[in-house]
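The primary structure of each chain is shown beneath.
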Amino acid sequence: MRYRYLCVLLILASLAVRAQTPTDAPNLDHGKKLFQGHCISCHGPNGEGARGPTLAQPNLPRASTDAALVRIIRSGIQGTEMPAHRMQPHELTNLTAFVRSLGKLAPETVPGNPARGAELYKTKGACAQCHTLRGEGNLIGPDLTEIGRKRSAAFLRRSITEPSAEVPQSFNAYRADINMPLNFLFVRAKARDGREIAGVRVNEDTFSIQLRDLTGKIHSFSKDDLTELHKDWGQSPMPVYAAVFSAEELTDLVAFLSSLRGVESR
Ligand code: HEC
Ligand code: HEC
């Protein structure tokens, strides 16, 4: 009888101890599932980067601390395509731990010859006509100084062969008329005085619009002075280079773009 009591007591005691053990150690498997469900469409299956930047790197510029990472996941990044996510505290813990584990993966190895790619960027591609690299070039397309830290090789390749496939933009209706650095909206305007301008929208409000034409010149119009205004969402003024480069040249160009990692690559 006494023995039985002892057994029950022991079982109760062990249960109590178990209840006290901290259970908030992050569950990476659960974090991975959340990542697959919510994040890979933009950041890639292994966080290698696509429409959203590469998360598989040891230092995330906007999320240097776990608190900052949680804040980004919960609130998104205003004025960009990074959306807010509703998540429970334990989900945030597990997802954050999984995102940090991606930072320990070895960086993507990219085939090709970056030096030859750099040459093609300058010569055959004439990419500087529209893009800036370390302060040199034009502002019609995005600055490419750190593009290798933001995008996977596969995404970069597609940017060159199919520029309209992924045009950075915001789908938030309330932001559609607001100037955003990464919002490349291609616009065609016709003015009463006969001027016809095609270019990238720089700024717009209810009454006026500013465009940068493909030579880099800025044009400002009062909307009253326009007879036509076409917004070509999802279209890119970037030429399709699929037929311009050979397969080998394309590989070298992607290797060059991948090597552009900002400060580290200087
Ligand atoms: C619809 C696309 C999209 C989805 C879905 C998405 N992101 Fe993002 N994310 C972005 C974009 C775009 C940026 C870059 C914003 C900018 O700086 O312009 C970004 C930025 C980030 C950053 C900042 C990285 C840095 O450079 O410091 C983190 C961290 C991040 N996302 C984590 C996540 C996580 C975790 C999920 C899933 C819960 C997620 N994102 C889902 C598009 C997305
Ligand atoms: C006539 C102007 C123009 C030329 C020339 C041009 N681009 Fe672009 N590029 C753009 C614009 C505008 C965008 C943004 C819209 C888009 O995604 O297509 C862009 C986007 C890109 C992107 C995607 C950037 C991102 O953040 O995802 C890459 C990579 C790129 N260009 C590389 C190149 C390379 C390499 C060349 C030369 C072989 C080149 N571009 C030539 C205008 C140009």
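Refer to the structure above for everything that follows.
S.K.: Please clarify how the overall build of the chain should be interpreted in this entry.
M.R.: Within the chain, the secondary structure is distributed over 9 helices and 7 strands. The burial tally for the chain puts 37% of its 266 residues in the buried class. Nonlocal contacts in the chain, meaning residues at least 24 apart in sequence, comprise 60% of its contacts between residues at least 6 apart. As displayed, the chain has an accessible area near 16300 Å², and 56% of this comes from carbon and sulfur atoms.

S.K.: Help me understand the site of ligand 1 in this model?
M.R.: Close to ligand 1 lie 24 residues; Cys-39, Cys-42, His-43, Arg-62 and Met-82 are nearest. A distance of 2.7 Å separates a nitrogen atom of ligand 1 from a polar atom in the side chain of His-43. Between ligand 1 and the protein, one listed contact pairs an oxygen atom with a backbone N or O atom of Pro-61 at 3.4 Å. For the shell around ligand 1, the elements supplying multiple residues, two or more each, are α3 (40-43), α4 (66-75) and α5 (89-102). Sorting elements by how many residues they give to the shell around ligand 1 places α4 first, with 3 residues. When its residues are assigned to classes, the shell around ligand 1 shows 16 nonpolar, 5 polar and 3 charged.

S.K.: What am I meant to see in the coordination of the iron atom of ligand 1 here?
M.R.: Around a metal, the idealised angle for a tetrahedral arrangement of four donor atoms is 109.5 degrees; for an octahedral arrangement of six donor atoms it is 90 or 180 degrees. At this site the iron atom of ligand 1 is bound by His-43 (NE2) and Met-82 (SD), with donor distances of 2.0 to 2.1 Å. Of note is the iron atom of ligand 1, whose 6 donor atoms meet at the metal with angles of 86 to 178 degrees in an arrangement that counts as octahedral. Of this pair, His-43 sits in helix α3 while Met-82 is found in the loop between α4 and α5, placing the two residues 39 residues apart along the sequence. The partly exposed category is assigned to Met-82, whose relative accessible area is 22%.

S.K.: Where do I start with the sheet that holds strand β6 (residues 218-222) in this structure?
M.R.: Two modes of strand pairing occur in sheets, parallel and antiparallel, and in both the strands are linked by backbone hydrogen bonds. Spatial strand order, β6-β5-β4-β3-β7: 5 strands in an open sheet with antiparallel pairing. The sheet terminates laterally at β6 and β7 (226-232), the two strands that pair on one side only. The mean inter-strand angle of the sheet, taken between neighbouring strand axes irrespective of direction, is 40 degrees. Note: strand β3 (residues 186-191) against strand β4 (residues 196-204), 5 bridges, orientation antiparallel. Within the sheet, the bridge partner assigned to Ala-189 lies in β4 and is Ile-197.

S.K.: Would you explain the coordination of the iron atom of ligand 2 in this entry?
M.R.: Distances from the iron atom of ligand 2 to its protein donors, His-131 (NE2) and Met-238 (SD), fall within 2.0 to 2.2 Å. Note that the iron atom of ligand 2 binds 6 donor atoms; their angles at the metal cover 87 to 178 degrees, and the shape is octahedral. Separated by 107 residues along the polypeptide, His-131 in the loop between α6 (114-122) and β1 (132-133) and Met-238 in the loop between β7 and α9 (247-258) bring together distant segments of the chain.

Definitions and cut-offs
Along every chain, residues carry numbers that run from 1 in the direction the sequence is written. To label them, take the chains in the order written and letter them from A, then take the ligands in the order written and number them from 1. In keeping with the predicted nature of the model, local features appear solely for residues at pLDDT of at least 70, side-chain atom pairs appear and are counted solely at 80 or more, and the whole-chain, interface and lining totals rest on all residues. To get the side-chain values, all heavy atoms of the structure are used, and hydrogens and water are removed first. Helical segments are the DSSP runs of H or I of at least four residues, strand segments are the runs of E of at least two, and each set is numbered from the N terminus. The rule is simple: take the accessible area with a 1.4 Å probe, protein chains only, and divide by the maximum for that residue type; under 20% is buried, over 50% is exposed, in between is partly exposed. Any two residues whose heavy atoms approach within 4.5 Å are treated as being in contact. The Shrake-Rupley method, run with a 1.4 Å probe, gives the accessible areas here. Residue values count only the displayed protein chains as cover. Being near a molecule or strand, for a residue, means having at least one of its heavy atoms within 4 Å of it. As used in this structure description, the phrase polar contact means that two N or O atoms lie within 3.5 Å; if the pair is within protein, one of them must be able to donate a hydrogen and the other to accept it, and residues adjacent in sequence are counted only when both atoms belong to side chains. Any residue outside Ala, Val, Leu, Ile, Met, Phe, Trp, Tyr, Cys, Pro, Asp, Glu, Lys and Arg is labelled polar, Gly included; the first ten of those are nonpolar and the last four are charged. Coordinating donors are taken to be N, O and S atoms lying within 2.8 Å of the metal, or within 3.2 Å when the metal is Na, K or Ca; because water is excluded from the atom set, some sites may appear incomplete. Irregular is the label for any site that misses the other tests, which are tetrahedral for four donors with all angles between 85 and 135 degrees, and square planar for four donors or octahedral for six when opposite donors exceed 155 degrees and the remaining angles lie between 65 and 115. In this analysis, strands are considered paired if DSSP registers two or more bridges between them. Only C-alpha atoms enter the line fits that serve as axes; for helices the fit covers just the stretch in contact. Angles between N-to-C directions range over 0 to 180 degrees.

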